[in-house]
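Take a look at the letters that make up each chain.
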Amino acid sequence: MTGQDNNVVAAAGWFADNWPLLVTGAVQIAVIVALAVVIRFVLHRMIDKFTQGSGDMPPLLRPLKERAQQLPAPQRSERRRQRAKTIGSVLKSLTTLITYGIAFLMVLQQFAINITPIIASAGVLGVAIGFGAQSLVRDFLSGVFMMLEDQYGVGDVIDAGQATGTVEAVGLRVTTLRDVNGTVWYVRNGEIVRIGNSSQGFAVAVVDVPLAHGSVDEALSVMGETAEQAVAETPMADDVMDAPQVLGVEKVTPEGITLRLTVKVRPGRQWATQRLLRARIMGAFVAAGIEPHFVRTPPKAEEELRKPAPARPRANGFDDAKSSDVSS
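Residues numbered from 1 in each chain as written. Predicted model: local features only at pLDDT ≥ 70, side-chain atom pairs only at ≥ 80, totals over all residues. Heavy atoms only, no water.

Caption draft 1: View of the side chain of Thr175. Position of Thr175 among the secondary structure elements: in strand β3 (residues 174–178). Overall, Thr175 belongs to the buried group, its relative accessible area being 1%. Within the local environment of Thr175, its side chain forms a polar contact with the side chain of Asn189, the two groups lying 2.7 Å apart. Setting aside residues no more than four positions away along its own chain, Thr175 makes contact with Tyr152, Val167, Ala169, Trp185, Tyr186, Val187 and Asn189. (Helix = DSSP H or I, 4+ residues; strand = E, 2+ residues; numbered from the N terminus. Buried < 20%, exposed > 50% of the residue type's maximum accessible area, 1.4 Å probe, protein only. Polar contact = N/O pair within 3.5 Å; in protein donor to acceptor, adjacent residues only side chain to side chain. Contact = heavy atoms within 4.5 Å.)

See the structure below:
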């Protein structure tokens, strides 16, 4: 009998002695993998159910704080949908990692492999990756806390320091803004140090109106009456939340006076309200004969404008008067 035949006989004998153990191990591994897939599928379906929900508010967001009560229904619904979707994606990633990670360790145990060194190595590797990708981890954690605290969302007008505009998309790593000029800004969440949100609760429309030096009391009276009439009519009636407040004289300069009026309005409607009120008030001033603000030309400047321009020298170095004397 040759050496090759001996190897075949030895392998056959080993398989005959250990086939029950091999079959049992293969079955256990298959069961572990199947359970991991089923558990992951069930958890993802549960997360989808809590993320989508059947009503306006997804069940996943009910325990969390919400700051978008004053937004219109379409924007509020889109904001909730995207917020729930993003939080759901984080939960799905975590459940996938945990489920498959545990299944992988259990499979290694079936092969009689000591998993203690593997767990220790994974911990060291995680720390190394964390140090190497600090900016990515910071962006991710900032995005998670921003989502949970509902600091801002789709449709909000925010000042993120690097850019100011309307939020178009919110992710765990990047927030997308569009400014007033139409430029799209991608701001990393970890780079945002402070957030100014102009779309939470309410906003204040600050209307400054210039006025020439004259009767301030009459101008304030016309200003208040015009503002009260304007906010009672459409389209401002739907945006205004409180009566206008005439604050009085805001600034006095040699050229004129600035009057200020404020109105409490819905979030994001302060700029449109300012423009409409300013136009109505300036028209009321003209109708009432109240002189608007204008820049006066200083007397010295007027004298300088009246002076004749000096004679320009000719190319040969003589002016026009001297050249006429020479020619005569």
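Next comes the rest of the write-up.
Caption draft 2: Spatial organisation of the sheet that holds strand β8 (residues 257–265). Across the sheet, which stays open at both edges, the three strands sit in the order β6-β8-β7 with antiparallel pairing between neighbours. Of all strands in the sheet, those bounded by a partner on one side alone are β6 (203–211) and β7 (245–252). Averaged over all pairs of adjacent strands, the angle between strand axes in this sheet comes to 25 degrees, irrespective of strand direction. Bridge analysis of β7 against β8 gives six bridges, and the strand direction is antiparallel. Among the inter-strand pairings, Val246 is bridged to a residue of β8, identified as Leu261. Taken strand by strand, helix α6 (residues 270–288) contacts β6 and β8, and its axis lies near 30 degrees from that of β6. (Pairing = 2+ DSSP bridges. Axes fitted to C-alpha atoms, helices over the stretch in contact; angles between N-to-C directions.)

Caption draft 3: Broad picture of unusual backbone geometry. Note the cis peptide between Thr234 and Pro235, where omega equals 10 degrees. With respect to the element layout, Pro235 can be found in the loop between α5 (216–231) and β7. You will see that Asp150, though not glycine, has its phi angle at about 55 degrees, which is positive. Of the residues examined, Asp150 reaches a relative accessible area of 2% and is grouped as buried.

Caption draft 4: Seen up close, the sheet that holds strand β1 (residues 157–159). In space, the five strands of this open sheet follow the order β4-β3-β2-β1-β5, with antiparallel pairing throughout. Bordering the open sheet on either side are β4 (184–188) and β5 (196–197), each of which pairs with just one other strand. Relative to strand β2 (residues 164–170), β1 runs antiparallel, the two sharing three bridges. From the neighbouring strand, Asp159 faces β2, where its bridge partner is Thr164.

Caption draft 5: Focus on the pattern of salt bridges. Scanning the entire structure with this criterion turns up eleven salt bridges. A salt bridge links Glu191 to Arg138, with the nearest nitrogen and oxygen atoms 3.7 Å apart. One end of the pair, Glu191, is in the loop between β4 and β5; the other, Arg138, is in helix α4 (residues 134–149), with 53 residues separating them in the sequence. When its relative accessible area of 34% is taken as the criterion, Glu191 is described as partly exposed. We note a salt bridge from Arg178 to Glu168, for which the minimum N-O separation is 2.4 Å. Placement of Arg178 in strand β3 and of Glu168 in strand β2 is noted, with a sequence separation of ten residues between them. Owing to a relative accessible area of 33%, Arg178 belongs among the partly exposed residues under this scheme. Via salt bridges that share partners, Arg138, Asp139, Arg188 and Glu191 belong to a single interconnected network. (Salt bridge = Lys/Arg side-chain N within 4 Å of Asp/Glu carboxyl O.)

Function cannot be read off these values alone, since they describe shape.
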